[in-house]
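Summary of the model geometry
Chain residues, written in single-letter form:
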Amino acid sequence: MKNKILKLFRNNIQNLIPYQSARHIGGMHGNILLNANESPLSVCFKSKKKIFNRYPECQPNHLISLYASYVNLSCEQILVTRGADEGIELLIKSFCEPKKDAIIYCPPTYDMYKVSAKIAGVEIKEIPTIKNTWQLDLCNIKSNLIGVKLIYICNPNNPTGNLILLNDLINLLSITSNQCLVVVDEAYIEFSPTDTMTRYLSEYPNLVILRTLSKSFALAGIRCGFTLANQEIINILKKVISPYPISVPVTDIAVQALKEKNIQLMQNRVSMLNNHRIWLIKKLKSIQCVEKVFISQANYVLVKFFMFKEIFKTLWNKGIILRNQHDKKNLEKCIRISIGTHSENVLLIKELKIFSKKNMFSGGVSEK
Ligand SMILES: *Cc1c(COP(=O)(O)O)cnc(C)c1O
């Protein structure tokens, strides 16, 4: 009986390696969670709604108009989704024929592009970024466009932290203009706000941008994201999205978060975290067990360690939870560290120093 039911699963689901979320791997273990790029500080909101017998608006108007003014676009260019993750999936569902069309993504990058395509039975083409600069391999992308409907680019890229060169993005949009959509995932763009691509939406009809309230807005718990694109694309996505994706309490809280005063507070938190990042990178570079610290424009930093395995485990045992990247393409011995509060960052540095003292040969600090 049991075996027969297991045979009912689609082949691609039987073989699927699911997304390994931070909560999957670590649960809520640890008291310093630096593994999911969440905001280390919470913001207090109260849901004011008390009555829930009616379905919500399909696309909550007030929320859309507030986000439209935040990103300086029109309401017709915006779709609200259950996190940016739903946007990733909706695009594949709407544009890609299973077993026929493909998506391109550029590892090391966010894993959900791959996982969503695999669930949908859509082919994936991995075009790795250039090692260590993590910039796009445009030639390689260009020669692999046959059958491709969507190209996912994460900017700033997770987990490497770098920005993608604007010229390359523009170039990519031109190369692909009548052929496929370029989806720029701007989950972390508030940490480098002038680099947003929103101003190019009018010029490039094949541009789609993903946003979220999970990171800079400190609202990962409510699951709210946005897809920004031209009206024609948004209208297609509206045909595919589930009827009532955003619950009343989520809209209520998201609306409060997008009030001018709260946007200002978000921007203050962002600049504080950016300062913490600069501090942390400087400290990391002076620590012996650190082999290399990559440039970051987001609320996390990618670090290559000597003895990465032991370091990951030692910190885990002390309740400091980081994100191991060792098994990812081109990221041998790398760990991604989300920027915490100042005291969390101080503790992290302290533990890394203790580790270095115990385990590393003494000697001068090398160039990092
Ligand atoms: C966190 C993250 C997301 C997911 O955002 P949600 O709105 O929480 O679904 C999407 N893309 C990238 C690159 C992320 O790091």
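Residues numbered from 1 in each chain as written. Predicted model: local features only at pLDDT ≥ 70, side-chain atom pairs only at ≥ 80, totals over all residues. Heavy atoms only, no water.

Glancing now at the environment of Arg 199. Mapping Arg 199 onto the fold places it in the loop between strand E6 (181-185) and strand E7 (207-212). According to the relative accessible area criterion, Arg 199 is partly exposed, its value standing at 49%. Once the C-alpha coordinates of Arg 199 and Ile 175 are considered, the two residues, 24 residues apart in sequence, prove to be 19 Å apart. There is a polar contact of 3.3 Å between the side chain of Arg 199 and the backbone oxygen of Thr 194. (Helix = DSSP H or I, 4+ residues; strand = E, 2+ residues; numbered from the N terminus. Buried < 20%, exposed > 50% of the residue type's maximum accessible area, 1.4 Å probe, protein only. Polar contact = N/O pair within 3.5 Å; in protein donor to acceptor, adjacent residues only side chain to side chain.)

Once that is clear, we can look at the packing of aromatic side chains. Working definition: an aromatic ring pair is given by the centre-to-centre distance plus the angle between the planes. On inspection of all chains with the given rule, the structure shows 11 aromatic pairs. Seen in terms of ring centroids, Tyr 188 and Tyr 300 are 4.9 Å apart; in terms of plane orientation they differ by 70 degrees. Their pairing is edge-to-face. Here Tyr 188, found in the loop between E6 and E7, pairs with Tyr 300, found in strand E10 (residues 300-305); they are 112 residues apart in sequence, far enough to count as distant. Just as Tyr 188 is buried, Tyr 300 falls in that class too. Ring pairing ties together the aromatic residues Tyr 19, Tyr 110, Tyr 113 and Tyr 152, which thus form one cluster. The cationic tip of Arg 336 hangs over the ring face of Tyr 300; the distance from NZ or CZ to the ring centre is 5.8 Å. (Phe/Tyr/Trp six-rings, centres within 6.5 Å; stacked < 30°, edge-to-face > 60°. Lys NZ or Arg CZ within 6 Å of the ring centre and 35° of its normal.)

Phe 226, Phe 305 and Ile 337 are the most contacted members of the largest nonpolar core, which totals 83 residues. Per-domain counts for this core show at least three residues from each of domain 1 (17-38 + 262-355) and domain 2 (61-259). The residues touching Phe 226, leaving out its near neighbours within four places in the chain, are Leu 63, Tyr 67, Ile 78, Leu 79, Val 80, Thr 81, Ile 209, Leu 210, Arg 211, Leu 213 and Leu 258. (Core = buried A, V, L, I, M, F, W, Y, C linked by side-chain atoms within 4.5 Å. Domains from an automatic or database assignment. Contact = heavy atoms within 4.5 Å.)

Assignment of secondary structure puts Ser 216 in the loop between E7 and strand E8 (225-228). The class for Ser 216 is buried, based on a relative accessible area of 3%. Of note is the side chain of Ser 216, whose polar atom sits 3.1 Å from the side chain of Glu 190. Once you skip the residues sitting within four places of it in the chain, Ser 216 turns out to touch Glu 190, Phe 191, Met 266, Arg 269 and Val 270.

Another aspect to go through is helix H6 (residues 112-120). Those residues of H6 that fall on the buried side of the exposure criterion are Met 112, Tyr 113, Val 115, Ser 116 and Ala 117. Two residues or fewer after H6 comes Gly 121, characterised by a positive phi angle close to 75 degrees.

What follows concerns the sheet that holds E8. Strand order in the open sheet formed by seven strands is E2-E8-E7-E6-E5-E3-E4, with mixed pairing between adjacent strands. Both edges of this open sheet fall to strand E2 (78-81) and strand E4 (123-126), since each of them pairs with a single strand only. The mean angle between the axes of side-by-side strands here comes to 20 degrees, regardless of whether they run parallel or antiparallel. Pairing analysis gives four bridges linking E7 to E8, with the strands arranged antiparallel. Note that in E8 the partner of Thr 212 across the bridge is Gly 225. (Pairing = 2+ DSSP bridges. Axes fitted to C-alpha atoms, helices over the stretch in contact; angles between N-to-C directions.)

With that settled, the discussion passes to the domain arrangement of the protein. The assigned domain composition of the protein is domain 1 (17-38 + 262-355) and domain 2 (61-259). Taken over C-alpha atoms, the centre of domain 1 sits 25 Å from the centre of domain 2. In this assembly, 28 residues from domain 1 lie in contact with 35 residues from domain 2. Between domain 1 and domain 2, a total of about 2,500 Å² is buried, with carbon and sulfur atoms accounting for 62% of that surface. (Buried area = accessible area lost by both parts, 1.4 Å probe.)

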